[in-house]
Structures are given as structure tokens and as C-alpha cells.
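Secondary and tertiary structure notes
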Amino acid sequence: MGGNYLIELKNLKKHFRVSGGKGEGRHVRAVDGVSLSIREGETLGLVGESGCGKTTLGRTAIRLYDPTAGAILYRGEDITRAKIKPYRRKLQIIFQDPSASLNPRMTVGEIVGEAIDIHGLAPNKAARAERIADLLDQVGLNGEQANRYPHEFSGGQQQRIGIARALAVEPEFIVCDEPISALDVSIQSQIVNMLEDMQASHRLTYLFIAHDISIVRYISSRIGVMYLGKLVELSPRDEIYKMPVHPYTRTLFSAVPIPDPAKSRAMSRVILEGDIPSPINPPSGCRFHTRCPYMTDRCRDEEPELAERSPGHWAACHLSA
Ligand code: SF4
């Protein structure tokens, strides 16, 4: 993979030790060896069932979690174990549940202003107030609302506050962690459109995590698919919709209605059975083999490598090798 990458993840792992219960002393292998690179200015969509590790990957990529192994490069610089404070401004996150991510005892002005203060981005009180008002304005709120508390706002407005807080520190890379899934359908597209506008005006790079494939299709230039801590497919957006390679991707994408009946027929439907296995003790070989209709003995024994099948289109499956 060449090019101007803002973020590079190399064989990144994040394991959590389990305490109490049946798994005591063992580890949840939430992210278990993921490599991917994100170009400056692009949106990389990341999809997969709940529990596949996509949120953990996003949080580890910006060092909200310290990785268990592997490397994180920001502008080619290894920040895996570096002191994160100098980079924190540049690496931000927008959370899924805006009401839980905003301190209910702080006013909106304090929430946005706190980020400005931590990084010393306003020389005086007047500049700080002006900056808060400007940020609220950019996300479709107004400066007069700075003295109000989060509970006085709707879910969509709360997410706008979360976005203003992220933008306050002039980031370059934002992990959008299912930023619209807790919102009413009627306002989801407004938030997505706003994120797109912000990307253009602030030259932002996004890792956009979602379980809603249609939103990811709309906003992303490339799409990655995760299953049980692994990246199983990575491709330019249009190609992965037209020609998904990995059987797991096909199950995800065949669940999305396709407006063109001819294309719908061409895309053979794969039915996914059973629950996602435990990430404490994942299946041997290909982790998808316990649910894959095409499983062979080789799949049980040998882990497929993520390999390039056509330019920019990577998949980890013995069938397509
Ligand atoms: Fe299915 Fe085997 Fe491919 Fe895994 S490697 S997705 S089990 S065919």
C-alpha cells in the first residue's frame, strides 16, 4: 500500500483481560492483528456485527486505549508508545451516544471551552468566547446556547455539541464511532451531511464506524469489514458493493435492499447462521469457519491471509485466493 497516509495501523492488537465469571484470567482478543492505512482527506468506513472489534479498533487507533501489540503511525511517525498529549489535539473522536458523552453538569460553553483550554488554543477570555460561538454556529447551533446544559437539547443537537467539541481543537483525524445510530432516522442525514461539510472545510480524515451499511456506502471512499477482531475485506466502496469477495461481506451486503432487481438476482444471497463466537477463544484457522457455508478442512486449520485480489481490493479467504 503506498501513498500519503495520515494514519497507518500495523498488525494492531488490543486484548482485554477478563476478570470474574467463566473467562477469569483470560483475554478478550477484541482487535487481533489489524493492518490498514488511511489517506489524508479520505473517509474509511468500517463495518461489522456488534462485538467484532470495530469500536475498539477506532479507540486504539487514536490511543484512547493503549495497544497490546503492533504499531500506530501518524504522518509516518510511530506513536504507539509515545506520550499522547502532543498528538491528542489532532486525533479526536465523536461518540455514539451524545447524551452519555457530554458532562451533564457543564454548560455547552464549558464543554467546548474545556477542549480549547486544555490545548491553550485561545489567548484570552474574549477570544475563547468568540471561538465557542463560532464553533456552535458551524454546527448549526448559536452562541446564545452556550450557557445551556446538554439535557436542554435534542439528541441531534447534543451530537452537534459533540462535533463542536471535537472540532474545537483543530483535529486532523476523527474517529466517528457510530455517530448517528442513537439518533432519530429523520435527523441522521442532517448529521451525516454536516460531517461531510466539515470534512471539506476543515480538511478532515475520518474513520467512520457503523453497522448501517447504507450510511457507510454514502459517506466512505473505501470500506473495511471486520469479523471477530480481524479485517476480512478492504476495498474501494463501489467495488465492494458490486463484487464483495469474502463470504461474510456478502452476508452483510446481501441484507441491504438493492434497487436494481437484475443486480439483486446476480448477488447470490448467503444466509448467516449462528451467533458470533467468543473473542476470548476464537475459532481456529479462519475465524468465520463456524458460520461459513463454504467452509473446508483447510479453513479450519489454516488462517487465510488478507491478500490483494485486484488493485486496492483485499480479502482474507481461501476460496478467493
Ligand atoms: Fe469461508 Fe473458508 Fe473463506 Fe473462511 S476461508 S470465509 S471459512 S471459505
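My aim in this report is to walk through the structure given alongside it, one point at a time. Nothing here was measured: the structure is a model prediction, and the numbers come from that model.

Basis of the calculations
- Residues numbered from 1 in each chain as written.
- Predicted model: local features only at pLDDT ≥ 70, side-chain atom pairs only at ≥ 80, totals over all residues.
- Heavy atoms only, no water.
- Pairing = 2+ DSSP bridges.
- Helix = DSSP H or I, 4+ residues; strand = E, 2+ residues; numbered from the N terminus.
- Contact = heavy atoms within 4.5 Å.
- Axes fitted to C-alpha atoms, helices over the stretch in contact; angles between N-to-C directions.
- Buried < 20%, exposed > 50% of the residue type's maximum accessible area, 1.4 Å probe, protein only.
- Near = heavy atom within 4 Å.
- Nonpolar A, V, L, I, M, F, W, Y, C, P; charged D, E, K, R; others polar.
- Parallel < 35°, antiparallel > 145°, perpendicular 65-115°, else oblique.
- Left-handed = near helix turned anticlockwise from the far one by under 90°.
- Salt bridge = Lys/Arg side-chain N within 4 Å of Asp/Glu carboxyl O.
- Phe/Tyr/Trp six-rings, centres within 6.5 Å; stacked < 30°, edge-to-face > 60°.
- Polar contact = N/O pair within 3.5 Å; in protein donor to acceptor, adjacent residues only side chain to side chain.

The antiparallel open sheet is built from four strands, whose spatial order is β2-β1-β4-β5. Each edge of the open sheet is held by one strand with a lone partner, namely β2 (27–39) and β5 (77–78). Sheet topology note: the strand β1 (residues 5–17)/strand β4 (residues 69–74) ladder contains five bridges and is antiparallel. Its bridge partner lying in β4, Ile7 is registered against Tyr74. Its contacts with the sheet put helix α1 (residues 54–61) on β1, β2 and β4, and the angle it makes with β1 is roughly 120 degrees.

Time to look at the sheet that holds strand β9 (residues 222–227). In space, the eight strands of this open sheet follow the order β6-β7-β8-β3-β9-β10-β12-β11, with mixed pairing throughout. The sheet terminates laterally at β6 (91–94) and β11 (307–310), the two strands that pair on one side only. The mean inter-strand angle of the sheet, taken between neighbouring strand axes irrespective of direction, is 25 degrees. In this sheet, β9 lies alongside strand β3 (residues 43–47) in parallel orientation, the contact comprising four bridges. If you follow Gly45 over to β9, its bridge partner there is Ile223. The sheet strands contacting helix α7 (residues 185–202) are β3, β6 and β8 (205–209), and the helix crosses β8 at an angle near 160 degrees.

This paragraph deals with α1. Within α1, six of the eight residues are buried, which leaves the element mostly enclosed by the surrounding structure. Considered for burial, the residues of α1 that qualify are Lys54, Thr56, Leu57, Gly58, Thr60 and Ala61. Just past α1, the residue Arg63 takes up positive phi, approximately 65 degrees.

Here we come to the site of the ligand. As a structural note, the neighbourhood of the ligand is formed by His246, Pro247, Cys286, Phe288, His289, Cys292, Tyr294, Cys299, Pro304, Cys317, His318 and Leu319. Looking at side-chain class alone, the shell around the ligand contains nine nonpolar, three polar and no charged residues.

Between helix α4 (residues 108–118) and helix α6 (residues 155–167), the least distance of the axes is 8 Å, while the angle of their chain directions is 25 degrees. In terms of orientation, α4 and α6 fall into the roughly parallel class. For α4 against α6, the interelement crossing comes out right-handed. Two secondary-structure elements touch here, α4 through Val108, Ile111, Val112 and Ala115 and α6 through Ile161, Ala164 and Arg165.

Attention now moves to the environment of Leu36. With respect to the helices and strands, the residue Leu36 is situated in strand β2. If near-sequence neighbours (up to four positions away) are discounted, Leu36 is found in contact with Ile7, Glu8, Leu9, Leu44, Leu57, Leu231 and Leu234.

Now for the pattern of salt bridges. Evaluation of the coordinates by the stated rule reveals 17 salt bridges. Between Lys54 and Glu178 there is a salt bridge, with the nearest N and O atoms lying 3.6 Å from each other. Taken together, the residues span a long stretch of sequence, with Lys54 in helix α1 and Glu178 in the loop between β7 (173–177) and α7 at a distance of 124 residues. Judged by relative accessible area, Lys54 falls into the buried class, the value being 4%. Of the charged contacts in the structure, one is a salt bridge between Arg148 and Glu152, with a shortest N-O distance of 3.5 Å. When salt bridges that share partners are traced, they join Arg29, Asp32 and Arg287 into one network.

Centre distance and the angle of the planes are the two values used to describe a pair of aromatic rings. Scanning all chains against the criterion turns up six aromatic pairs. Between Tyr241 and Phe253, the aromatic rings sit 4.6 Å apart at their centres with planes inclined by 25 degrees, giving stacked as the arrangement. One end of the pair, Tyr241, is in helix α9 (residues 237–242); the other, Phe253, is in helix α10 (residues 247–254), and 12 residues separate them in sequence. Both residues of the pair, Tyr241 and Phe253, count as buried. Summarising the aromatic geometry, the rings of Tyr248 and Phe288 are spaced 5.3 Å apart at their centres and angled 65 degrees between planes, so their arrangement reads as edge-to-face.

In this section: α10. Of all eight residues making up α10, eight are buried, and the element is well covered by its neighbours. Within α10, the full set of buried residues consists of Pro247, Tyr248, Thr249, Arg250, Thr251, Leu252, Phe253 and Ser254. Residues of α10 that are buried sit in contact with β3, α8 (213–219), β9, β10 (230–236) and α9.

Turning next to the environment of Glu130. Looking at where Glu130 falls in the secondary structure, it is placed in helix α5 (residues 125–138). A residue is classified by how much of its surface remains accessible, and Glu130, at 60% relative accessible area, is exposed. Each C-alpha atom of the pair Glu130 and Gly143 lies 8.4 Å from the other, and the pair is 13 residues apart in sequence.

As a further point, take the side chain of Arg287. Along the chain, Arg287 turns up in the loop between α11 (261–266) and α12 (297–301). Only 2.4 Å separates the side chain of Arg287 from the side chain of Asp32, close enough to count as a polar contact. Discounting chain neighbours no more than four positions away, the residues touching Arg287 are Arg29, Asp32, Tyr227, Leu228, Lys230 and Pro282.

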